[in-house]
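# A closer look at the structure
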Amino acid sequence: MIRILLFVLALILLICSYYLIKKPQGLLVLFNEKMQAESCSFLRQFGYIYALLGVMGLVIGVLNQRSYSMMYLILLLLVAAIFALLMGAKTKKG
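To keep things clear, this report deals only with the structure shown in the data block. Sequence order as written defines residue numbering, which begins from 1 separately in each chain. Given that this is a predicted model, residues contribute local features only at a pLDDT of at least 70 and side-chain atom pairs are listed and counted only at 80 or more, while totals for whole chains, interfaces and linings are drawn from all residues. The basis for every side-chain value is the complete set of heavy atoms in the structure, and neither hydrogens nor water enter the calculation.

## A look at the pattern of salt bridges
For clarity, the cut-off: A side-chain nitrogen of Lys or Arg and a carboxyl oxygen of Asp or Glu constitute a salt bridge if their distance falls within 4 Å. Working definition: helices are DSSP H or I runs of at least four residues, strands are E runs of at least two. Numbering for both runs from the N terminus. Buried, partly exposed and exposed residues are distinguished by accessible area as a fraction of the type maximum, computed with a 1.4 Å probe on protein chains only: under 20%, between the cut-offs, and over 50%, respectively.
Taken as a whole, this structure holds one salt bridge when the rule is applied. A salt bridge links Lys90 to Glu38; the nearest nitrogen and oxygen atoms lie 3.1 Å apart. Of this pair, Lys90 sits in helix 4 (residues 66–90) while Glu38 is found in helix 3 (residues 36–63), placing the two residues 52 residues apart along the sequence. We classify Glu38 as partly exposed; its relative accessible area is 40%.

Structure (structure tokens):
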């Protein structure tokens, strides 16, 4: 069951990374107009990080080791929290 959930999580991460890398315009409306280029770079950077985490999730799902799975989930939660905090700091005020 854990393996199936890891594969689903990896698939979701790969879809999110595709969206952040190829179609960042959908999220650029949240950012200040003066910082569009920097914001696009920010979104692409986290898109690549999410793609790497998605591939890691596939590998860890194949390995089927509980300790690796838990370390992966902790790493993923930390990266997602950092992304949320940084994106929240960069979004428009009011």
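## Comments concerning the nonpolar core
For the record, the criterion: We call a set of buried Ala, Val, Leu, Ile, Met, Phe, Trp, Tyr and Cys residues a nonpolar core when their side-chain atoms join them within 4.5 Å.
Of all hydrophobic cores here, the largest spans 18 residues; its most connected members are Phe42, Leu43, Tyr50, Leu53, Tyr72 and Phe83. Those elements that place two or more of their residues in this core are helix 1 (2–22), helix 2 (25–28), helix 3 and helix 4. Residue contributions to this core peak at seven residues, all from helix 3.

## As for the packing of aromatic side chains
For the record, the criterion: The criterion for an aromatic pair is that two Phe, Tyr or Trp rings (for Trp, the six-membered ring) have centres within 6.5 Å, with stacked assigned to planes under 30 degrees apart, edge-to-face to planes over 60 apart and tilted to the rest. A positively charged side chain is recorded as over a ring if its NZ (Lys) or CZ (Arg) lies within 6 Å of the ring centre. The angle to the ring normal must also be within 35 degrees.
Tallied over the full model, the rule gives four aromatic pairs. Plain terms: the ring middles of Phe42 and Phe83 are 5.8 Å apart, the flat faces sit at 10° to each other, and that makes the pair stacked. With a gap of 41 residues between them, Phe42 in helix 3 and Phe83 in helix 4 connect regions that are remote in the sequence. Like Phe83, Phe42 is buried. Linked through ring pairs, Phe42, Phe46, Tyr50 and Phe83 together constitute an aromatic cluster. The ring of Phe42 carries Lys90 above its face, with NZ or CZ at 5.3 Å from the centroid.

## Examining the environment of Glu33
With respect to the secondary-structure elements, Glu33 resides in the loop between helix 2 and helix 3. Judged by relative accessible area, Glu33 falls into the exposed class, the value being 55%. Distance from Glu33 to Leu76, taken between C-alpha atoms, is 30 Å for residues 43 residues apart in sequence.

## Side note on a nonpolar patch on the surface
Spelled out, the test is: Patch criteria: residues need more than 30% relative accessible area and no salt bridge. Like-charged residues are merged within 9 Å; nonpolar side chains of Val, Leu, Ile, Met, Phe, Trp and Tyr are merged within 5 Å. Surface accessibility in these figures is a Shrake-Rupley result with a 1.4 Å probe; residues are shielded only by whichever protein chains are displayed.
Taken together, Met1, Ile4, Leu5, Val8 and Ile12 make up a surface patch of nonpolar side chains, about 540 Å² in accessible area. Mapped onto the secondary structure, Ile4 falls in helix 1.

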